[in-house]
Amino acid sequence: MSCFYNPVKLKWGPEITKDLPEIITASDLNMKNVLILTGSKSLKKSGKLDIILKSLNDRRIFVCDGVPSNPEISELCGFKSETDKLNYDSIIAIGGGSVIDMGKCLAAFKNLQINGYSTLKRGIINKRHQNNSIDIPIVAIPTTAGTGSEVTSWATIWDKENNKKYSIESERLYPKIAIIDPTLTMDLPLQLTVSTALDALSHALEAYWSKRTNEIVRMYALMAIELIIKNLNNLIDNLNDLNLRTKIAQASLYAGLAFSNTKTTACHSISYPLTSKYNIPHGIATSMTLANFFNINKESIIDKDALLSAFDVEEISQIKNKINNIFLKSKIPFKLRDYNIKEEDFDSIIKRSFTPDRMNNNPVEVTRELLREVLKDIY
Ligand SMILES: [Fe+2]
């Protein structure tokens, strides 16, 4: 029996952020003391953050900025001790996936007495947040188009010292409302625009072939892939085109909805050591192996022709060029050697590539030998 579930209320459209006060008021959410989380300096610089803050002037607002990308447990610990003393009842997270993830992590541990790094780390490993104590509503306002965190129930937190990545997950961590305003993505630089869009492409493709896929997941995934393939190359040439930004924001949302029901597969699993140890941006690291896994998974993919047509190709062998052309056009390095990875590093990458709930979700079993072949191919 198939099932699709996503409880996030969606509001979207250019300039929709202006309606934030009305959107909150119309919801049943108790948001009197609001923690505003953000990381983006450009949002501040552009004056957009000020406009949002002014619009909320009938509420008590605590602003907490400087959320870093790919936040670590130690940074979560810092944000937690900084915000614990604030008596906030809700969170508005305005930023990329890392900001929204930080909002989820703070909400997850808000009511748990956890002092200090090691107890917080133990709490994350032992999933202490998975009780029913999370009662902080989150409103997510993404300023990038790709991570999908605004429609998922999990967050990523890194332990760079040990090159590990943890997932915080709970039904209670779905944002209550996601506000998708493509105008907020207008100032994104080329590399971030492309890497986040490729993250969305990975979410869509991996959701499509995931073991947990179903008809509705595949419908969203196909729409996302088609929008990205049709519009990303044009956007690379026209970063100020709001219409193209809107299409990619839409694609990111559809991809997010698709993988919110399946989680990701081998490509994301392999990406984690590439990001944590070699600093390859997340969406680049996940998309480097998409063409390889398309080929590896081909016999298990349902309605392969629909997928090929969304990519606007006739053969699986053409997928690699399609993705590599996006890298080449945006001058983003896409080989492991470009990121100072040596063949001697493969053993340690392979060792850290097996995140069970992602790798076991790949429709074809991935062995260490198979993974080595993939790494050689993208070397
Ligand atoms: Fe991702």
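The numbers attached to residues start from 1 for each chain and follow its sequence in the written order. Local features in this predicted model are restricted to residues of pLDDT 70 or higher, and side-chain atom pairs are both shown and tallied only at a pLDDT of 80 or more, whereas totals for entire chains, interfaces and linings draw on every residue.

A. Spatial organisation of the overall build of the protein chain. Secondary structure follows DSSP: runs of H or I at least 4 residues long count as helices, runs of E at least 2 residues long count as strands, and numbering of each begins at the N terminus. From N to C terminus, the protein chain includes 17 helices and eight strands. Viewed in the frame of its principal axes, the protein chain has a C-alpha envelope of about 55 × 45 × 45 Å. Considering only residue pairs separated by 6 or more positions, the protein chain has 80% of its internal contacts joining residues 24 or more positions apart. Placing a C-beta atom from the backbone of each residue, one calls two residues in contact when those atoms lie within 7 Å.

B. Region of the structure containing helix H7 (residues 190-209). One less than the residue count of a helix, multiplied by 1.5 Å, gives the span that helix is expected to have. For H7, which comprises 20 residues, the first-to-last C-alpha distance of 29 Å matches the rise-based estimate of 28 Å (1.5 Å per residue) to within 8%. To sort residues by burial, count the other C-beta atoms lying within 10 Å of each one's C-beta; a count of 20 or more means buried, 12 or fewer means exposed, and anything in between means partly exposed. C-beta atoms are built from the backbone. Most of H7 sits out of view: 17 of its 20 residues are buried.

C. Here's a closer look at the packing of H7 against helix H8 (residues 215-237). Every axis corresponds to a line fitted to the C-alpha atoms, with the helix fit spanning only the stretch in contact, and the corresponding angles, defined between N-to-C directions, vary from 0 to 180 degrees. Orientation of H7 relative to H8, taken along the N-to-C sense of each, is 155°, at an axis distance of 8 Å. Considering the angle they form, H7 stands roughly antiparallel to H8. Crossing angle aside, the handedness with which H7 passes H8 is left-handed. On the side of H7, the interface is formed by Leu190, Thr193, Val194, Ala197, Ala200, Leu201, Ala204, Leu205, Ala207 and Tyr208, while H8 contributes Val217, Arg218, Ala221, Ala224, Ile225, Ile228, Leu232, Leu235 and Ile236. Throughout this entry, Asp, Glu, Lys and Arg are counted as charged residues, while Ala, Val, Leu, Ile, Met, Phe, Trp, Tyr, Cys and Pro are counted as nonpolar. The remaining residues, Gly among them, count as polar. Here the residues of the contact of H7 with H8 sort into 17 nonpolar, one polar and one charged. By definition in this entry, angles of less than 35 degrees are roughly parallel, angles greater than 145 are roughly antiparallel, angles of 65 to 115 are roughly perpendicular, and the rest are oblique. Two helices crossing with the near one rotated counterclockwise from the far one by less than a right angle form a left-handed crossing, whereas a clockwise rotation gives a right-handed crossing.

D. Quick look at the nonpolar core. Any set of buried Ala, Val, Leu, Ile, Met, Phe, Trp, Tyr and Cys residues joined through C-beta atoms within 7 Å is what this text calls a nonpolar core. Core analysis: the biggest nonpolar cluster contains 105 residues, and Ala93, Ala204, Ala221, Ala224, Ile225, Ile228 and Ala258 have the highest contact counts within it. Those domain boundaries reflect an automatic or database domain assignment. Formed jointly, this core draws a minimum of three residues from each of two domains, domain 1 (9-183) and domain 2 (188-377). In contact with Ile225, other than residues within four places in its own chain, are Leu201, Ala204, Leu205, Ala310 and Phe311.

E. Layout of unusual backbone geometry. The phi dihedral of Glu15 is positive, around 70°, even though this residue is not glycine. Its location among the elements puts Glu15 in the loop between strand E1 (9-12) and helix H1 (20-26). Unusually for a residue other than glycine, Lys331 sits at a positive phi of about 55°. Tracing the backbone through its elements, the reader meets Lys331 in the loop between helix H14 (317-329) and helix H15 (346-352).

F. Here's a closer look at the environment of Tyr208. Tracing the sequence through the fold places Tyr208 in helix H7. With 96 residues separating them along the chain, Tyr208 and Lys304 place their C-alpha atoms 9.8 Å apart. Beyond its immediate chain neighbours, meaning those up to four positions away, Tyr208 contacts Thr213, Arg218, Ala221 and Leu307.

G. Quick peek at the sheet that holds strand E3 (residues 60-64). Strand order in the open sheet formed by six strands is E1-E8-E5-E4-E2-E3, with parallel pairing between adjacent strands. A single partner strand is all that each edge strand has here, and the edge strands are E1 and E3. Mean inter-strand twist for the sheet, computed between neighbouring axes without regard to direction, equals 15°. Strand pairing is assigned whenever DSSP detects at least two bridges linking the two strands. Alignment of strand E4 (residues 90-95) against strand E5 (residues 138-142), held across five bridges, turns out to be parallel. Residue pairing for E5: Ile92 is matched across the bridge by Val139. Where helix H5 (residues 97-109) meets the sheet, its contacts fall on strand E2 (33-38), E4 and E5, and the angle it forms with E4 comes to roughly 160°.

H. Structural context of the domain arrangement of the protein chain. Along its sequence, the protein chain is organised into domain 1 (9-183) and domain 2 (188-377). In this structure, domain 1 and domain 2 have C-alpha centres spaced 25 Å apart. If you look at the interface, domain 1 gives 17 residues, while domain 2 gives 26 residues. Residue composition of the side of domain 1 that touches domain 2, by class: six nonpolar, eight polar and three charged.

I. Spatial organisation of the pairing of strand E6 (residues 154-159). Relative to strand E7 (residues 164-169), E6 runs antiparallel, the two sharing six bridges. For Trp154, the partnering residue across the bridge sits in E7 and is Glu169. Taking the residues that link successive antiparallel strands as the turn, the E6-E7 hairpin has four residues, and the phi of Asn163 there is positive, at about 50°.

J. Looking closely at the environment of Ala266. Residue placement: Ala266 occurs in helix H10 (residues 266-278). C-alpha separation for the pair Ala266 and Glu206, spaced 60 residues apart in sequence, amounts to 8.0 Å. Not counting the four nearest positions on each side in its chain, Ala266 is found in contact with Phe293, Met359, Asn362 and Val366.

K. Geometry of the environment of Glu72. Counting through the fold element by element, Glu72 comes out in the loop between E3 and helix H4 (73-84). Remark: the alpha-carbon pair of Glu72 and Lys164, spanning 92 residues in sequence, is separated by 9.8 Å. Those residues in contact with Glu72 that lie beyond four places of it in its chain are Trp158, Asp159 and Lys160.

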